[in-house]
Amino acid sequence: MNYIGSKFSLLEFIENSINNILSKNNETKSPNKIIFADLFAGTGCVGGYFKSLGYSIIANDIQYYSYVITKHMIENNGNLDKDRMIVLIEELNNVNGIEGFIYNNYTFEGTKGQEFRRMYFTADNAKKCDAIRQKLEEWLRIQYINENEYYFLLGSLINSIDRCANTASVYGAYLKKFKASALKPMKLIPLPYTIGHVDCKVYNEDINTLIKKVKGDILYLDPPYNERQYCANYHILETIAKNDNPIIKGKTGLRDYQSQKSDFCVKSKVCDAFENLIKNANFKYIFLSYNNEGLMTLDQIEKIMSKYGDYSLYTQEYRRFKADNNRNNKATTTIEYLHCLVKRDINV
Ligand SMILES: C[S@@+](CC[C@H](N)C(=O)[O-])C[C@H]1O[C@@H](n2cnc3c(N)ncnc32)[C@H](O)[C@@H]1O
């Protein structure tokens with residue numbers, strides 16, 4: 001998934017930096033004894049990567065679509081029958097489309113006669129998405145599929161419909177003409193399946209609430225770094241994931257997202273939210289990914305983290321996310337920082 005702030009291409013940098021800190025601190029625990037928390041999980045790729053290395057993972061995100069995808073990536077662990085999954089995917093790929101919530105609100109044909117004609121998906125792709133989404137609820141209700149299968153299939157739907165979205169990158173606007181990828185018929189593509197060696201757990205909470213309830217060894221933090229709220233940028237994926245037919249408004253058909261607004265996207269709140277997080281974290285090793293254009297300055301981050309233990313910094317040059325090009329800053333690369341803290345006085 002093409003996700004704002006995805007760390008997919010920085011996984012090696014993150015792994016090497018973490019290994020460096022662990023060995024400098026003579027950490028003797030083997031990966032399968034280490035609890036690694038990825039609590040701003042997004043696509044779940046960081047937690048998924050460390051799961052494949054043998055770590056025990058706790059993951060979390062405030063967005064429900066992220067929870068669904070991550071729940072599959074992190075919690076499904078050798079419990080899915082691959083042949084059966086291929087059959088189910090095939091069955092879903094052959095369902096007949098229906099005119100449901102996505103068709104009626106996010107296609108040109110479905111919004112005929114409404115104040116706003118929206119062009120997020122072609123009519124056929126939206127109808128297919130609606131039909132698959134309803135089928136998944138029905139299958140779960142009649143116990144044709146279990147919960148593990150449900151999250152795998154729903155995550156695959158979210159990922160697949162996102163590939164057909166007629167947007168420049170996020171759902172804050174749609175394009176006035178259909179782009180080539182949006183015109184292709186949607187095909188349900190199975191999400192990858194990572195086998196780990198230990199139990200893992202995924203949550204869907206505000207991180208500052210969850211942090212008081214979990215503990216472990218490594219805490220990896222990848223918060224939003226600017227004022228663009230994820231709930232607004234990915235509102236249609238949230239609606240597909242929740243299947244809750246919300247009241248929507250405006251040109252983009254935005255759902256209400258007051259309860260999912262992040263303090264990490266508000267300049268006047270971010271430092272307090274970050275300090276509370278660090279203060280309440282029952283983890284010895286804390287790593288923060290942040291870039292050089294974030295709401296918190298490098299100095300502010302260093303000051304906050306240094307209060308709680310030994311601080312150090314790793315850097316890597318990084319290609320900018322495409323939706324961020326041509327905003328105020330025209331540089332095509334940015335510097336990605338990994339701030340590291342070895343925390344003292346943990347309240348475990
Ligand atoms: C930079 S993205 C994470 C990207 C992720 N590391 C990846 O590689 O896909 C930040 C994520 O933090 C989530 N988020 C923002 N504020 C949050 C909060 N207060 N609690 C939990 N999650 C939050 C957003 O929904 C978003 O998915």
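Because the structure is a prediction, the values reported are computed rather than measured.

Novice: Please set out the overall build of the protein chain residue by residue, giving values where relevant.
Specialist: Of regular secondary structure, the protein chain possesses 13 helices and nine strands. Expected size for 348 residues packed as a compact globule is a radius of gyration near 20 Å; at 21 Å, the protein chain falls within 12% of this value. If one aligns the C-alpha atoms of the protein chain with their principal axes, the spans along those axes are about 60 × 45 × 30 Å. Across the 348 residues of the protein chain, 56% fall into the buried class. Intrachain contacts of the protein chain at a sequence separation of at least 6 include 76% that bridge at least 24 residues. Summing over all exposed atoms, the protein chain offers an accessible surface of approximately 16100 Å²; the carbon and sulfur share of this is 48%. Of the side-chain charges in the protein chain, 45 are positive and 40 negative, and the distance between the mean point of each set is 4 Å.

Novice: Talk me through the site of the ligand; I want residue IDs and the actual numbers.
Specialist: Neighbouring the ligand are 22 residues; Tyr3, Thr43, Asp61, Asp222 and Ser262 lie closest to it. Interatomic distance of 2.7 Å between a side-chain N/O atom of tyrosine 3 and an oxygen atom of the ligand. Contacts to the ligand include isoleucine 207, whose backbone N or O atom sits 2.9 Å from a nitrogen atom. Class assignment for the residues of the shell around the ligand results in ten nonpolar, seven polar and five charged.

Novice: Now, about the packing of aromatic side chains: what can you tell me, with residues and values included?
Specialist: Counted by the stated rule, this structure contains 20 aromatic pairs. Residues tyrosine 67 and tyrosine 151 carry aromatic rings whose centres are separated by 6.1 Å and whose planes lie at 85° to one another, so their mutual orientation is edge-to-face. Of this pair, tyrosine 67 sits in helix 3 (residues 64–75) while tyrosine 151 is found in helix 7 (residues 147–162), placing the two residues 84 residues apart along the sequence. An identical accessibility class is assigned to tyrosine 67 and tyrosine 151; each is buried. Between tyrosine 230 and tyrosine 234 the ring centres are 6.0 Å apart and the planes differ by 15°, which places this aromatic pair in the stacked class. Among the aromatic residues, those joined into a cluster by ring pairs are Tyr3, Tyr65, Phe101, Tyr106, Tyr120, Tyr171, Tyr174, Tyr230 and Tyr234. For arginine 117, the ring lying beneath its charged end belongs to phenylalanine 108, and the centroid distance is 3.8 Å. The ring of tyrosine 203 has lysine 201 lying over it, and the distance from NZ or CZ to the ring centre is 5.5 Å.

Novice: Break down the packing of helix 12 (residues 267–280) against helix 13 (residues 298–306) for me, with residues and values.
Specialist: Two elements in contact, helix 12 and helix 13, have axes separated by 10 Å at closest approach and are oriented at 30°. Viewed along their axes, helix 12 and helix 13 adopt a mutual orientation that is roughly parallel. Crossing of helix 12 over helix 13 shows right-handed handedness. Contacts from Cys271, Phe274, Glu275 and Ile278 of helix 12 reach helix 13 at Gln300, Ile301, Ile304 and Met305.

Quick notes on the rules
Residues numbered from 1 in each chain as written. Predicted model: local features only at pLDDT ≥ 70, side-chain atom pairs only at ≥ 80, totals over all residues. Heavy atoms only, no water. Helix = DSSP H or I, 4+ residues; strand = E, 2+ residues; numbered from the N terminus. Rg over C-alpha atoms; globule rule 2.2 N^0.38 Å. Buried < 20%, exposed > 50% of the residue type's maximum accessible area, 1.4 Å probe, protein only. Contact = heavy atoms within 4.5 Å. Areas by Shrake-Rupley, 256 points an atom, 1.4 Å probe, with all protein chains shown as cover. Lys, Arg positive; Asp, Glu negative; His and termini not counted. Charge placed at Lys NZ, Arg CZ, Asp CG, Glu CD. Near = heavy atom within 4 Å. Polar contact = N/O pair within 3.5 Å; in protein donor to acceptor, adjacent residues only side chain to side chain. Nonpolar A, V, L, I, M, F, W, Y, C, P; charged D, E, K, R; others polar. Phe/Tyr/Trp six-rings, centres within 6.5 Å; stacked < 30°, edge-to-face > 60°. Lys NZ or Arg CZ within 6 Å of the ring centre and 35° of its normal. Axes fitted to C-alpha atoms, helices over the stretch in contact; angles between N-to-C directions. Parallel < 35°, antiparallel > 145°, perpendicular 65-115°, else oblique. Left-handed = near helix turned anticlockwise from the far one by under 90°.

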